[in-house]
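# Coordinates in review
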Amino acid sequence: MARGAAQATTPARTGIDMNRTIDIGRRRLMGAAGAAGLVTLFGRGNALAAEAHAAMPPTEATPGFRPDIEMDLDAVAGEINVLPGNATRVWRFTGRVTQGDPHALSFLDGSRHIPVIRARQGQKLRINFTNQLPEDSIVHWHGLHIVQRMDGHPMYAVGSGRKYVYEFVVDNRAGTHWFHPHPHERTGLQVYFGLAGLFLVSDDEEDAARLPRDELDLPLVIQDRRFNAANQLVYLAPGMMQRMMGFQGDRVLVNGAADYTRAVKRTAYRLRVLNASNSTLYSLRWSNGRPLTLIGTDGGLLERPMTRASLTLGIGERADVWVDFADGQPGDETALVAESYSPSLENITNLQTGAAPVAGGRPIARFRVASGATRRSALPQRLSSFPPLRIEDAVNRSRPRTVQLSMQRGQAMLNGRAFGRMDEVADDEKVKLGTTEVWEFANDASFGMRMAHPMHVHNLQFRVLERSRPAQPGAVQQALGAGLTDEGLKDVILVMPGERVKVLMKFEHYTGIYLYHCHILEHEDLGMMRNYLVQA
Ligand SMILES: [Cu+2]
C-alpha cells in the first residue's frame, strides 16, 4: 500500500521530522479538559454525546442520535496523477455515504481526491473519521457553527489508526465552507499533502434565489504546490525562513489539476472559489477584462450582487461568483487569471524565500464555451438577508478587544503570545455566551516582519465594521486592497500591514473553547493561534 511509501519519502522531501509526535500534550490536555470541567461542552440541548465522555475521543455512535446523513471519511496515503509522468504521492480523504442521500459526499471531477460534502441546514450528520495517516490528525469544519467537541480543535487529535465520530446538526445558513486537518504544528503539512475538502450547505433562502445549480454550480479550489523532478510534492525547506514567510508553490492547481479546463454551456454559472493554499494570496480577474460579479463570501450569499474589477482572496476565504457564458460563441475561451502573492507583499524580496516570482497574472482555470442552445438567466438582484448583527448590541462598542499580530524573533504571535497548552485561555480571551463584541485585529507591524495575516475565528461568522488603511500602502498592497471583500458574513479577514480591522461577532448557542488564528498555515503551526472561551 502507498502508505509505506509516503512514510518513507515524505520526510526526505519535506526536510521535517514526520515522526515527531504531539501525543503527550494531547493526552494531558484531554485529561485536563475532562477533569477540570472547565467548559460546558454542550451549551445547547441536543442528542449528542454527554459531557461525561469529554475526556475520550468519541469512537462510537451515540445511541439516540439519528443522523439524516452518515458517512465514513478516512485520511489515507495514496497517489494521484497531477503532472504527466509519475503519479504524485499524497495524503487524501476517501469516504462513502452509508446512510441518507448518496450525493452527500462526492469528489471534484478531475481531482478524485478533493471531497465535497453537501448538506442542508438543519440536517443531522454523523461522520466517522478514521485517521489512517502515520501521525495524529483531526478534522476541522471551517466556517461551521458547531459544538466545541465537533470543531476539530487540535486537543482532539487522534493517533494513527484511531477513529473520531463527529455528530452534529448543520446550523449554518447556506454557504461555501470547507474542511481540513487541524492537528497542532502539522496542519500546514497535512493540508499541503492533499487533505482538504468542501462543505457546501444549502437552505430554503438559497433555493428561492434561483441561482445556477447542479452542473452549473462549480467549485474551484485553488492551491499552489511545488513538485520535484519526480513529480513529488516539495514542502518546507529546513530552517525557519519559509515558515516565517509562508510556503509558496510555483504551480497553481485548481481542483487538483495543473491545467484546469472546462467546457461550459451557453448559460450562467455559479463558481464557488476557495483559496485552500497554505500561504498564498490571490488577486483574481477575468481574462476578457469584464468585472467579477460577486454573490457570496465566506458565510454565504450577499444581500445583493456586487462587482469588482479584481477579487482578492486570502487563505481560507471563499467567494461565490456569478458568470454568464450566454453571449459566448462555441469555442470561445474565458480564463480566470490569478496573480499570486506572498503574504509578505512587496516588503521582502522573493529571493529570500526561494519562491518563484509571484506577481504577474496567469490563467488558472479556462472555460470553453460548448455548442448548444443559449439559455438566458437573470442575475437575481435580491439574494438573501442576514441574521442581525448590530453594533448597538456590542458590549464593548467603545473598547474593542484588540488582537495585535506580530512576527518577531522567529515567533508568530497574537497579543505577544503563541499557542500554549491546548486548553490555555487568558483572562482577556474569555467572552460571555449570548453577547456581541467588537474585536479589532491590529497589524501595526511597526516592528518585526511586515506581512498580511488572514485572521480566522472558529465557530462563527462575523461582520466587518471598519478597516483602517495605512497612510502610504505600497503598490501591491493597494492593488490587493482594491479587491478585498469585507461584505457579507465572514470567518476569515485579511489584515494588511499597517491596517486595523474591526469585526462584530456574536457568541451564540455554544459554550466552550474555540480557536482564533492566522490562516497562513505555517504561521498557525508556529503558534500564531490562541483559544478563546465562551462562558455561560
Ligand atoms: Cu500570519
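Further up the page is the structure itself.
What comes next is a walk through the structure. (Residues numbered from 1 in each chain as written. Predicted model: local features only at pLDDT ≥ 70, side-chain atom pairs only at ≥ 80, totals over all residues. Heavy atoms only, no water.)

Looking only at helix α7 (residues 475-482), the buried set comprises Val 476, Gln 477, Leu 480 and Gly 481. What you see down the axis of α7 is that its buried residues fit within an arc of 130 degrees, all on one side. Along α7, exposed side chains directed more than 90 degrees from the buried face belong to Ala 475, Gln 478 and Ala 482. (Buried < 20%, exposed > 50% of the residue type's maximum accessible area, 1.4 Å probe, protein only. Helix = DSSP H or I, 4+ residues; strand = E, 2+ residues; numbered from the N terminus. Arc of directions from axis to C-beta.)

In total, this model carries 40 salt bridges according to the counting rule given. Of the charged contacts in the structure, one is a salt bridge between Arg 467 and Glu 499, with a shortest N-O distance of 2.6 Å. With Arg 467 in strand β26 (residues 463-468) and Glu 499 in the loop between β27 (492-495) and β28 (500-506), this pair connects stretches of sequence that are 32 residues apart. On the accessibility criterion, Arg 467 (13% relative accessible area) is buried. With a relative accessible area of 1%, Glu 499 lands in the buried category. Salt bridges sharing common partners tie together Glu 206, Asp 217, Arg 270, Arg 272 and Asp 320. (Salt bridge = Lys/Arg side-chain N within 4 Å of Asp/Glu carboxyl O.)

The subject of this paragraph is the packing of aromatic side chains. Taken as a whole, this structure holds 23 aromatic pairs when the rule is applied. Aromatic pair Trp 439 and Tyr 532: ring centres 5.7 Å apart, planes at 75 degrees, arrangement edge-to-face. Remark: Tyr 532 occurs in strand β30 (residues 529-535) and Trp 439 occurs in strand β24 (residues 436-442); sequence separation between them is 93 residues. When sorted by exposure, Trp 439 lands in the same class as Tyr 532, which is buried. (Phe/Tyr/Trp six-rings, centres within 6.5 Å; stacked < 30°, edge-to-face > 60°.)

Bringing the sheet that holds strand β21 (residues 401-408) into the picture now. Sheet strands line up and pair through hydrogen bonds in the backbone, either parallel or antiparallel. Spatial ordering of the open sheet is given by β22-β21-β24-β28-β26, a layout of five strands whose pairing is mixed. Across the chains shown, the open sheet's two edge strands, defined by having one partner strand only, are β22 (411-414) and β26. Strand-to-strand twist of the sheet, defined as the mean angle between neighbouring strand axes without regard to direction, takes the value 15 degrees. Two elements, β21 and β24, share four bridges in a ladder whose sense is parallel. (Pairing = 2+ DSSP bridges. Axes fitted to C-alpha atoms, helices over the stretch in contact; angles between N-to-C directions.)

These values are about where atoms sit, not about what they do.
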